[in-house]
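Remarks on the overall topology
Okay, here's what each chain looks like letter by letter:
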Amino acid sequence: MWCNRIILRQLHRLNLSNLNGTLTTSTQRAMSTLPRVYVTRQIPPEGLRILRESGQVQFELWDSDDVPVPREELLKKVKGVDGLLCVLTEKIDTELLETAGPNLKVLSTMSVGFDHLSLEELKTRGIRVGYTPDVLTDSVAELTVALLLTTSRRLIEATHEAKTGGWGTWRTLWLCGHELANSTVGILGLGRIGVAIAERLAPFKVKKFIYTDVVPRPELASLINAEYVSFEELAEQSDFLSVCCALTPETKEICNKNLFSKMKNTAIFINTSRGGVVNQEDLYEALSTGQIAGAGLDVTVPEPLPTTHPLFTLKNCVILPHIASASYSTRNAMSSLAANNLLRGLRGSAGSLPSACDVTSLISSVGSGELSGSRFTIT
């Protein structure tokens, strides 16, 4: 009897082993039929968790957050994929899309920006596009306000003086800056983020908000009691000018000597949108000659900006390494939305994406020279 039990146990283990082997083989076979996805960066954990636990895709990723995937490696990995999840450092152009081939059904970018995407090519190929607006509005607005205050109140200069022995006797005008109370704040390109910035600045007793765009945006403007003005009036009247517009062929280097020459010599210029909307040589000239009082930049061309760039030599220029959306909650929300866009895009139509990018409308808005577009404000 005892021997029989031993034999039965051994047979049971053998059957379980065979069954497990069968399950493993079946699982592997099932996995091999799932859509193939490539993720171009080690995105925040929430997004990766969604992809892993979905059971809907087999994915590879470039397992680094510090170094972008090399172009050669990217082209190798996208061949034959059904979906691609990228960040704004990857240029999605004709070469890449041709290399990926006809299987590519959906592109999900972990960004609200689109200047790294070849929109016409995506439209021609019928590739669904998802992006991550809204979830970064609060984070970008907070950083913009922080950058504005840091620049206008000369906090970087003050910290340096305190650390290096420059803090001597009290002086009447030492490190004086410009305050928001009773000021006029101008917004170039009024969208979600521009409104959020104004809402945060209002408690500082700002006297007036003004904005310019291709057309007036009364619904958005009414939320912050902002007045629509011309581009020239925006430059002339603003004590603080915050750039919140998309980078398009029409807005490329729109902030140049023409703008700076019309600004007050006490004005503070802030850019948390895209570096390409600013002519940096003209900005350096305006700052170094006292044409404007200061500038705060979270975005530059190129990125990273070389440490030898002349803008770094100026005390009245604060430069951050593109961190406007860099909060834990925002980056996880962006990665979650990007992952869900990808999964839904593989299952259904573009309209079913949690945050679908209407490429056709976007191309039209870019072609018309729209500065912000309520759906496509960029930071």
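Conventions used here
- Residues numbered from 1 in each chain as written.
- Predicted model: local features only at pLDDT ≥ 70, side-chain atom pairs only at ≥ 80, totals over all residues.
- Heavy atoms only, no water.
- Helix = DSSP H or I, 4+ residues; strand = E, 2+ residues; numbered from the N terminus.
- Buried < 20%, exposed > 50% of the residue type's maximum accessible area, 1.4 Å probe, protein only.
- Areas by Shrake-Rupley, 256 points an atom, 1.4 Å probe, with all protein chains shown as cover.
- Pairing = 2+ DSSP bridges.
- Axes fitted to C-alpha atoms, helices over the stretch in contact; angles between N-to-C directions.
- Contact = heavy atoms within 4.5 Å.
- Parallel < 35°, antiparallel > 145°, perpendicular 65-115°, else oblique.
- Left-handed = near helix turned anticlockwise from the far one by under 90°.
- Right-handed = clockwise from strand over helix to strand, strands pointing away.

1. Describing the overall build of the protein chain
When helices and strands are counted, the protein chain shows 14 helices and 12 strands. Within the span of the protein chain, comprising 379 residues, buried residues form 48% of the whole. Within the structure as shown, the protein chain displays about 18500 Å² of accessible surface, and the carbon and sulfur contribution to it stands at 54%.

2. Comments concerning the sheet that holds strand β5 (residues 128–130)
The five strands lie next to each other as β2-β1-β3-β4-β5, forming an open sheet whose pairing is parallel. Each edge of the sheet is formed by a strand with only one pairing partner; in this case those strands are β2 (58–61) and β5. Neighbour-to-neighbour, the strand axes of the sheet open up by a mean angle of 15 degrees, direction not taken into account. Here helix α2 (residues 45–54) sits on the sheet in contact with β1 (36–39), β2 and β3 (83–86), set at roughly 150 degrees to β2. The strands that helix α13 (residues 328–347) touches are β1, β3, β4 (106–109) and β5; relative to β4, the one it contacts most, it runs at about 170 degrees.

3. Points about the packing of helix α6 (residues 137–152) against helix α8 (residues 192–201)
Contact geometry of α6 with α8 gives a least axis separation of 9 Å together with a crossing angle of 55 degrees. Between α6 and α8, the crossing angle belongs to the class labelled oblique. As α6 runs across α8, the sense of the crossing is right-handed. Mapping the contact onto sequence places Thr137, Asp138, Val140, Ala141, Glu142, Thr144, Val145 and Leu148 in α6 and Arg192, Ile193, Ala196, Ile197, Arg200 and Leu201 in α8.

4. A short note on the pairing of strand β11 (residues 294–297)
It is a general feature of regular strands that their side chains alternate between the two faces of the sheet. Side chains Gly294 and Gly296 of β11 all project onto a buried face; the interleaved residues Ala295 and Leu297 project onto the opposite face, where all are buried too. Relative to β11, strand β10 (residues 268–271) is paired through four bridges, and the arrangement is parallel. Counted as the bridge partner of Ile268 is Gly294 from β11. Handedness of the crossover is the feature at issue here: the chain leaves β10, passes through helix α12 (residues 280–288), returns alongside β11, and the resulting connection is right-handed.

5. Considering the sheet that holds β11
As summarised here, the arrangement of the seven strands in space is β8-β7-β6-β9-β10-β11-β12, forming an open sheet in which the pairing is parallel. A strand with exactly one partner marks an edge of an open sheet, and here the two such strands are β8 (226–228) and β12 (317–319). Strand after strand, the sheet turns through a mean of 20 degrees between neighbouring axes, direction not considered. Looking at chain direction, strand β7 (residues 208–212) and β8 are connected through three bridges and run parallel.

6. Let's talk about the environment of Pro302
Tracing the backbone through its elements, the reader meets Pro302 in the loop between β11 and β12. Overall, Pro302 belongs to the partly exposed group, its relative accessible area being 45%. Along the sequence, Pro302 and Gly276 sit 26 residues apart, while their C-alpha atoms lie 8.6 Å from each other.

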